[in-house]
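These are the residues of each chain, in order.
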Amino acid sequence: MKKIKLHTSFLLCTLCVLLSLSSCKLETSNNGQLDGFWKLTRVDTLATGGMLDLSEQGIFWSVQMNLLSVEDKYQDDARPILFRFDHSGGKLTLSEPRESYQYTGDKDVEDIKKLQPFGINQLKETFTVETLNSSHLYLSTPTLRLSFTRF
């Protein structure tokens, strides 16, 4: 009798584990190689041929699931700015910028000057994805080209 109870308990535990595993849904993104941590290394001004070397700066874009975050990691009082984004058809569109305040809630960004250090010049900005691979990302607008390396 003891053996039957032990065997039944084992089967019930195994069944519970299997059912709990099958009810879990693993969330994944469809961002492909865009997901990850990107360091902004250079901004080219297309109209003038000017170039700004940012390789020694700490400007990063981070992409995960349905959020894109930009932040100057070398600036002590900097707050990340979060965007919703759409990556499709060779375009990357950023929208709904919000400055992250971890303990009091996020606040809408209304001043474009907060976004300009990151190569973003509009509250809703659409970039053409020129190159996206495992190590480099090149984005462009009619006026700028942004160069990133995966970090």
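Above this text is the structure in question.
A quick note: this is a predicted structure, and the numbers were derived from the prediction, not measured. Residue numbers here run from 1 along each chain, matching the order of that chain's written sequence. Reporting in this predicted model follows two pLDDT cut-offs: at least 70 for local features of residues, and 80 or more for side-chain atom pairs to be given and counted; totals over whole chains, interfaces and linings ignore these cut-offs and use all residues. Excluding hydrogens and water, the side-chain figures rest on all heavy atoms present in the structure.

Draft legend 1. Layout of the overall build of the chain. In this description a helix means any DSSP run of H or I spanning at least four residues, a strand means any run of E spanning at least two, and both kinds are numbered starting from the N terminus. The secondary structure content of the chain amounts to one helix and 10 strands. Of all 151 residues assigned to the chain, the portion counted as buried reaches 31%. It only takes one pair of heavy atoms within 4.5 Å for two residues to be counted as in contact. For the chain, contacts bridging at least 24 residues in sequence account for 45% of all contacts bridging at least 6. Only the protein chains shown count as cover for residues, with accessible areas throughout obtained via the Shrake-Rupley method and a probe of 1.4 Å. As presented, the chain carries roughly 10,100 Å² of accessible surface, and 55% of it is formed by carbon and sulfur atoms. Only protein chains enter the accessibility calculation, which uses a 1.4 Å probe; a residue is then buried when its area is under 20% of its type maximum, exposed when over 50%, and partly exposed in between.

Draft legend 2. Highlighting the nonpolar core. Among the buried residues, those of types Ala, Val, Leu, Ile, Met, Phe, Trp, Tyr and Cys that are joined through side-chain atoms within 4.5 Å form a nonpolar core. In this structure, Trp 61, Leu 68, Leu 92, Leu 94, Ile 120, Leu 139 and Leu 146 are the most contacted members of the largest nonpolar core, which totals 26 residues. The set of elements that each furnish at least two residues to this core consists of strand E1 (36–45), strand E3 (59–64), strand E4 (67–72), strand E5 (81–88), strand E6 (91–99), strand E8 (125–132), strand E9 (136–140) and strand E10 (144–150). Once residues within four sequence positions are removed from consideration, Ile 120 is found in contact with Trp 61, Val 70, Phe 83, Leu 94, Ile 112, Leu 115, Glu 125 and Phe 127.

Draft legend 3. Representation of the environment of Glu 71 in the model. Mapped onto the secondary structure, Glu 71 falls in strand E4. Measuring from C-alpha to C-alpha, the distance between Glu 71 and Ile 81 comes to 6.5 Å, with 10 residues separating the pair along the chain. In contact with Glu 71, other than residues within four places in its own chain, are Gly 58, Ile 59, Phe 60, Ala 78, Pro 80 and Phe 118. A 3.5 Å cut-off defines polar contacts: any pair of N or O atoms within that distance qualifies, except that in protein one atom must be a possible hydrogen donor and the other a possible acceptor, and neighbouring residues in sequence count only when both atoms are side-chain atoms. A distance of 3.1 Å separates polar atoms of two side chains, one belonging to Glu 71 and the other to Lys 73.

Draft legend 4. Seen up close, the layout of surface pockets. Of the volumes computed, that of the largest pocket is approximately 190 Å³. A cavity, in this analysis, means grid points on a 1 Å lattice covering only the protein atoms where a 1.4 Å probe fits yet has no way out; a pocket is instead an open set bounded by protein on both sides within 12 Å along at least five of seven lines, and a residue lines either one if it has an atom within 4 Å of a point. Lining the largest pocket, in full, are Asp 72, Gln 75, Asp 77, Ala 78, Arg 79, Ile 81, Glu 99, Lys 114, Pro 117 and Phe 118. Partitioning the lining of the largest pocket into residue classes produces four nonpolar, one polar and five charged. Grid points are joined across faces, edges and corners, and a volume is the space filled by probe spheres set on the points. Under the scheme applied, nonpolar residues are Ala, Val, Leu, Ile, Met, Phe, Trp, Tyr, Cys and Pro; charged residues are Asp, Glu, Lys and Arg; polar residues are all the others, including Gly.

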